Amino acid sequence: MRLDPIQEDILREQINIGIGRAAATLSELMGTRIELSIPSVSLWDLDEWWGRHQADLSGMAVVQDFVGLCSGRAILVLPRDSGLRMAQILGGDEGGSDELDLEMSGILAEVGNIMINGVLGSLSNATASRMNYSLPEFYGDPEQAFLSIPPEPVDRREVLVADADFHVSQYAVRGSLLIAFARGGIEALVQGVCALGTDAWEAQ
Amino acid sequence: MSGDAGGERQSLPLARTLDLIPLGACVVNSKLVVSAWNRTLVEWTGIPREEALGMNLAERFPGLKAARIQGRLRAVFDTGSPAVFSAAIHKHFLAVPSRHGPRGSLMVQQTQVRLLPEDPDLALITIDDVTSEASQLAALRAERVRLVSVQARLLASMEEAEAGRKRVERLHSELQETHASLERKNVELAQLAATDALTGLANRRRFHEALDNAFSLAIRESLPLSLVMLDIDSFKKYNDEHGHLAGDDVLRRASEILLARRRSYDTAARYGGEEFVLLLPMTDARSALQVAERIRGDFEHSDWPFAQVTSSFGVATISGSVSSAAELLGQADQALYCSKGLGRNRVTHFQEMDLFVEQLRRLEAADRSPQRSLDRELVRGGRSGPHDSSIDLRPHLSADGLVSARSNSSSSRPG
């Protein structure tokens, strides 16, 4: 499937709303302002995306599966330096060790949970459908997040990728949220989001 | 928020199930009213199950009213998305005493909140006691900080040691350079000490060293050795008439003439004032005379700027009667004196002096005869260029007078 510019625009807006909520929550946790860039949204073949980004994504991932109108797996991938930095700021251990320990992985699981909840919650609202979610799981290696078996069959070929950059304490944190959908999931999402979006636009 | 019928809604099977898990677990509705409270929470909080059911969790544990927790708990009910509260950020989801930590400390907890699949109006809260892990981690971190500090000190010490080593190396290098420089200066000084500043020839000291060495070698190996001593004629007069700078030029030119005739193993030196010496190892009397004669010719035919300059020569060669270098030098000096006495600009070998003295005695005897002038001219002619007839030889060339003059300094020699 390919997204036309309108579909891409509507998805970007919904994802932007979700990331904005997540950033607000993280700001509250950190007690510091987080500046957010407008995320880029695109549809990728998973293997191609991974092949392009594998080298610079030697980092970590947080995974949450979801079931509903559309089902699939959401994966937040954080480059190692971004993830560590964020965990250090949130854990009040700025300038601390660069080792990913239990405490830091707990923090990052919470960060991932907040980010994924924000985006999936926004998409869920946009489709006026309720989804069920698994608890977040932290992976020290993003590849493991892709290789682990999801609860339902997932169309591994297509992923919706939202790349976001935000600045925390003058430090640029980069992250990619990948949403891999079960068969027909992306079409259902796009259809649901765009139907409501168009209605809203027309109503406006 | 206050208690409602939540307690009444507690599902018995669920409550029993919650008792089985090794976590604190409770079920709450969107108002945080408790409808299930497991045995672990009874143990941790000291709140009996009967009291807990219907209790508002946020009223009992006010920490839950913090915006950063309350908002996310509300979102769980609003969106159905689960929420996790990490131990590192939130520390104590429910403020209860720690069982493993220091006395009076609170339990460190990691909490998850998710809707019950079969009843989306209720959420299950599970709380994991990670106090022990947190304290172990804190100890590990403290140890790591200590190790990093030790490592930093070690690195600083190593850097300091390295800097010290480099400083010593630099000082050593500077010292070596200073030594080398000193050695170069010493060589230069030695060179200067052995060199005549005006002419660049060896000086008197260096000449004496060379003479002593050459004399010893010649005696030991039975080799011939000759010495030529020369004195620029009428140099004082030249100086007086043309100035000292012009005199210096004459001395420099004289040294050039000597150097041009010198072989690689000969030593040419300025002996003092306008007096020069040329030490000729491996050279017999005949060859030495030839060398001296060539030099005399060089003086005579050289293009002098102000006036003709000539030089007188005395030559001596080692023979059985010479017992020391000083004696050889004395013989050359005597021969030079003789050249001066005979009218300058001539070469005299010491071994020929007896002949000259004899001739002069005869001249003195015939002084009163009409032929005396002619005889004197014949004697003066000898092996020489133009002579100076104005010099009166008589006071110097009597046999006794000649010898006594040699024993004194050369300053008594005619110029």
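Residues numbered from 1 in each chain as written. Chains lettered and ligands numbered in written order. Predicted model: local features only at pLDDT ≥ 70, side-chain atom pairs only at ≥ 80, totals over all residues. Heavy atoms only, no water.

Peer 1: Help me understand the nonpolar core, please; the structure alone is not making it clear to me.
Peer 2: For soluble globular proteins, the rule of thumb is that nonpolar side chains tend to be buried together. By size, the foremost hydrophobic cluster in this structure holds 53 residues, and its most contacted members are A:Leu160 and A:Ile179. Sort the elements by how many residues they give to this core and helix 4 (residues 102-127) of chain A lands first, with 11 residues. Those residues in contact with A:Ile179 that lie beyond four places of it in its chain are A:Phe66, A:Arg73, A:Ala74, A:Val119, A:Leu120, A:Leu123, A:Glu158, A:Val159 and A:Leu160. Ranked by size, the runner-up nonpolar core spans 29 residues in total, among them B:Val34, B:Leu64, B:Leu94 and B:Ile127. (Core = buried A, V, L, I, M, F, W, Y, C linked by side-chain atoms within 4.5 Å. Buried < 20%, exposed > 50% of the residue type's maximum accessible area, 1.4 Å probe, protein only. Helix = DSSP H or I, 4+ residues; strand = E, 2+ residues; numbered from the N terminus. Contact = heavy atoms within 4.5 Å.)

Peer 1: Whenever I open this one, the packing of aromatic side chains confuses me. Can you help?
Peer 2: The way to describe two aromatic rings as a pair is by their centre distance and the angle between their planes. Residues and elements named next belong to chain B. On inspection of all chains with the given rule, the structure shows 5 aromatic pairs over all chains. Between Phe85 and Phe93 the ring centres are 5.3 Å apart and the planes differ by 45°, which places this aromatic pair in the tilted class. Given a relative accessible area of 1%, Phe85 falls into the buried group. Residue classification places Phe93 among the buried residues on the basis of a relative accessible area of 3%. Grouping aromatic residues by their ring pairs yields a cluster made of Phe299, Trp304 and Phe313. Lying over the aromatic face of Tyr271, Arg204 brings its terminal NZ or CZ to 4.0 Å of the ring centre. (Phe/Tyr/Trp six-rings, centres within 6.5 Å; stacked < 30°, edge-to-face > 60°. Lys NZ or Arg CZ within 6 Å of the ring centre and 35° of its normal.)

Peer 1: Can you walk me through the interface of chain B and chain A in this structure?
Peer 2: Put simply, an interface is often sized by how much accessible area is lost when its parts join up. On the side of chain A, 25 residues touch chain B, which itself brings 25 residues to the contact. Counting each side, the surface lost to burial between chain B and chain A is near 2200 Å², with a carbon and sulfur contribution of 55%. Of all residues in chain B, B:Pro82, B:Ile89 and B:Arg141 bury the most surface against chain A, accounting for 24% of the area lost on that side. Taken together, the links from chain B to chain A amount to 3 salt bridges. Between B:Arg141 and A:Glu103 there is a salt bridge, with the nearest N and O atoms lying 2.6 Å from each other. Counting across the interface, chain B meets chain A through 12 residue pairs in polar contact (both at pLDDT 80 or more). Elements that contribute at least two residues to the side of chain B that touches chain A include exactly helix 5 (67-79), strand 3 (83-85), helix 6 (87-90), strand 4 (109-116) and helix 7 (131-193) of chain B. It is helix 5 of chain B that contributes the most residues to the side of chain B that touches chain A, 7 residues altogether. Here the side of chain B that touches chain A is composed, by residue class, of 12 nonpolar, 6 polar and 7 charged. (Buried area = accessible area lost by both parts, 1.4 Å probe. Salt bridge = Lys/Arg side-chain N within 4 Å of Asp/Glu carboxyl O. Polar contact = N/O pair within 3.5 Å; in protein donor to acceptor, adjacent residues only side chain to side chain. Nonpolar A, V, L, I, M, F, W, Y, C, P; charged D, E, K, R; others polar.)

Peer 1: Sorry, what's going on with the packing of helix 1 (residues 5-30) of chain A against helix 3 (residues 80-90) of chain A here?
Peer 2: The description of two packed helices rests on the angle between their axes and on the distance between the axes. All names here are of chain A. Two elements in contact, helix 1 and helix 3, have axes whose closest approach is 9 Å; the angle formed by their N-to-C orientations is 50°. It follows that helix 1 is oblique to helix 3 by the angle criterion. Contacts between helix 1 and helix 3 pair Leu26, Leu29 and Met30 from the former with Met86, Ile89 and Leu90 from the latter. Considered class by class, the residues forming the contact of helix 1 with helix 3 number 6 nonpolar, no polar and no charged. (Axes fitted to C-alpha atoms, helices over the stretch in contact; angles between N-to-C directions. Parallel < 35°, antiparallel > 145°, perpendicular 65-115°, else oblique.)

Peer 1: Explain the confidence of the model for chain B here, please?
Peer 2: Interpretation of this model should avoid reading the predicted coordinates in detail wherever pLDDT is low. Within chain B, residue pLDDT values average 85, and 86% of them lie at 70 or more. This complex was scored by the predictor with a pTM of 0.57 and an ipTM of 0.81. (pLDDT = per-residue confidence, 0-100.)

Peer 1: I keep staring at the sheet that holds strand 6 (residues 225-232) of chain B and nothing clicks. Help me out?
Peer 2: Sheets are built from strands paired through backbone hydrogen bonds, the pairs being either parallel or antiparallel. Residue and element names in this part refer to chain B. If you trace the 5 strands from one edge of the open sheet to the other, you get 7-8-6-9-10, paired in mixed fashion. Of all strands in the sheet, those with a lone pairing partner are strand 7 (267-272) and strand 10 (347-349), marking the two edges. Sheet twist, expressed as the average angle between the axes of neighbouring strands with direction ignored, equals 20°. Two strands pair when backbone bridges link them, and strand 6 and strand 8 (residues 275-281) are joined in this way by 7 bridges, in the antiparallel orientation. By the bridge assignment for strand 8, Leu227 is matched with Leu279. Seen against the sheet, helix 11 (residues 285-301) touches strand 6, strand 8, strand 9 (311-317) and strand 10 and runs at an angle of roughly 170° to strand 9. In this fold helix 12 (residues 325-341) packs onto strand 6, strand 7, strand 8, strand 9 and strand 10, with an angle of close to 145° to the strand it touches most, strand 9. (Pairing = 2+ DSSP bridges.)

Peer 1: Which parts of the structure should I look at to understand a nonpolar patch on the surface?
Peer 2: Residue and element names in this part refer to chain B. A cluster of nonpolar side chains, Leu154, Leu155 and Met158, forms an exposed patch at the surface whose accessible area comes to about 300 Å². Position of Leu154 relative to the elements: it lies in helix 7. Assessed through its relative accessible area of 51%, Leu154 is described here as exposed. (Patch = residues over 30% accessible without salt bridge, like charges linked within 9 Å, V, L, I, M, F, W, Y side chains within 5 Å. Areas by Shrake-Rupley, 256 points an atom, 1.4 Å probe, with all protein chains shown as cover.)

Peer 1: Honestly, the pairing of strand 5 (residues 119-129) of chain B in this entry has me stumped. Any pointers?
Peer 2: Working note: regular strand, side chains alternate between the two faces of the sheet. Residues and elements named next belong to chain B. For strand 1 (residues 24-29) and strand 5, the ladder comprises 6 bridges, and the chain directions are antiparallel. Paired with Gly24 across the bridge in strand 5 is Ile127. Counted between consecutive antiparallel strands, the loop separating strand 4 from strand 5 contains 2 residues.

Peer 1: Explain helix 4 of chain A here, please?
Peer 2: Spacing of three or four residues puts side chains on the same side of an α-helix, whose turn is 3.6 residues. Residues and elements named next belong to chain A. For helix 4, with 26 residues, the first-to-last C-alpha span of 36 Å sits near the 38 Å given by 1.5 Å per residue. Summarising burial for helix 4: 24 of the 26 residues are buried, a large majority. Two to three positions downstream of the cap, the backbone nitrogen of Glu103 sits 3.2 Å from a side-chain oxygen, assigning the N-cap of helix 4 to Asp101. With its phi angle positive at about 55°, Ala128 sits one or two positions after the end of helix 4. (Expected span 1.5 Å × (residues − 1).)

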